[in-house]
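Coordinates in review
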Amino acid sequence: TRVVVLISGGGSNLAALLEAAADSAYGAVVVAVGADRPGCAGLDVARAAGIPTFVERLGDHPDRDTWDAALTHAVAEYAPDLVISAGFLKLVGARFLAEFGGRYLNTHNALLPSFPGIHGPREALAYGVKLAGATLFVVDEGVDTGVIIAQCAVPVLDDDTEESLTERIKVAERAQLVEYTGRLARQSWRVEGRHFIIDG
Ligand code: GRF
């Protein structure tokens, strides 16, 4: 299973995927890594592993649709079976979803449908929930609204800060992303309405 990973940041999820994919029994192979900005640390992680990289900056295009088409083209070059957003901070458009919809996955650092958007851990802490976590889902046209593949929970501790909770979530999130990417590569799966079903 060919996987293209999209990132905007540090790439710790990417690093975990690359480590797992080093074992051929894992089933998924990262064939390229794309970013929406140069200079993010995740691109160095990819380069160090000898994986091809590409960057499509929104600001280099006259409008969002043109950027979306360029991103779609860049990803399609690598003929992926799955595209994974691992901390990719841009919403893709209609063109991208027409090409990769149903096989474009995102990992979010909150237990959806609570706390969508870019401040999941901060909002979970402010709300006072006792469980936080991460959600792996199939991206649709909405923001963090797609069909849920898997969720994992971690406790919120009384002395947590945004940083400490974010880190605790990320540990569980990485393990979940690695486990499910491998399962989706090795097993058959389907979506029935709101339900994501993995066979076997
Ligand atoms: C993840 O926690 C993801 O949920 C959030 O950004 C983080 C990406 O971290 N949107 P990294 O770049 O994989 O280290």
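Residues numbered from 1 in each chain as written. Predicted model: local features only at pLDDT ≥ 70, side-chain atom pairs only at ≥ 80, totals over all residues.

The chain has the name Phosphoribosylglycinamide formyltransferase in an unreviewed UniProt entry, where Occultella gossypii is given as its organism. Its UniProt record gives the chain the following Catalytic activity (unreviewed entry) comment, quoted word for word: "N(1)-(5-phospho-beta-D-ribosyl)glycinamide + (6R)-10-formyltetrahydrofolate = N(2)-formyl-N(1)-(5-phospho-beta-D-ribosyl)glycinamide + (6S)-5,6,7,8-tetrahydrofolate + H(+)". On record in UniProt, under Function (unreviewed entry), the comment for the chain is "Catalyzes the transfer of a formyl group from 10-formyltetrahydrofolate to 5-phospho-ribosyl-glycinamide (GAR), producing 5-phospho-ribosyl-N-formylglycinamide (FGAR) and tetrahydrofolate." (UniProt positions renumbered as here; feature names shortened; annotations may be inferred.)

It is worth spelling out the UniProt feature "active site" (unreviewed entry) in the chain at this point. The positions that UniProt labels "active site" (unreviewed entry) are, in the present scheme, His-108. With respect to the helices, strands and loops of the structure, His-108 is situated in strand β5 (residues 104–108). When sequence neighbours within four positions are dropped, the list of residues in contact with His-108 reads Gly-120, Ala-134, Thr-135, Phe-137 and Asp-144. (Helix = DSSP H or I, 4+ residues; strand = E, 2+ residues; numbered from the N terminus. Contact = placed C-beta atoms within 7 Å.)

The next subject is the site of the ligand. By nearness alone, 15 residues border the ligand, and Gly-9, Ser-12, Asn-13, Gly-87 and Asn-109 come closest of all. Secondary structure elements with two or more residues in the shell around the ligand: α1 (12–21), β5 and α6 (162–186). Broken down by element, the shell around the ligand gets its largest block of residues, three residues, from α1. Each residue belonging to the shell around the ligand can be placed in one class, and the counts come to three nonpolar, ten polar and two charged. (Near = placed C-beta within 6 Å. Nonpolar A, V, L, I, M, F, W, Y, C, P; charged D, E, K, R; others polar.)

This part takes up the pairing of strand β1 (residues 2–7). The buried count for β1 comes to five of six residues, which makes it a mostly enclosed element. Of the strand pairs in this sheet, β1 and strand β2 (residues 29–35) are connected by six bridges, and their pairing is parallel. Residue pairing in the sheet places Ile-7 in a bridge with Ala-35 of β2. For the crossover from β1 across α1 to β2, the handedness is right-handed. Judged from the four bridges that link them, β1 and strand β4 (residues 82–85) form a sheet pairing that is parallel. Directly across from Val-4, in β4, lies its bridge partner Val-83. (Buried ≥ 20, exposed ≤ 12 C-beta atoms within 10 Å, placed from the backbone. Pairing = 2+ DSSP bridges. Right-handed = clockwise from strand over helix to strand, strands pointing away.)

Across the ten residues of α1, seven count as buried, placing the element largely inside the fold. Residues of α1 that are buried include every one of Asn-13, Leu-14, Ala-16, Leu-17, Leu-18, Ala-20 and Ala-21, and no others. For α1, the elements touching its buried residues are β1, β2, α2 (41–48), β5 and α6.

Turning to the UniProt feature "site: Raises pKa of active site His" (unreviewed entry) in the chain, a few remarks are in order. Residues annotated by UniProt as "site: Raises pKa of active site His" (unreviewed entry) correspond here to Asp-144. Mapped onto the elements, Asp-144 comes out in the loop between β6 (131–138) and β7 (148–155). Once you skip the residues sitting within four places of it in the chain, Asp-144 turns out to touch His-108, Leu-112, Pro-116 and Gly-117.

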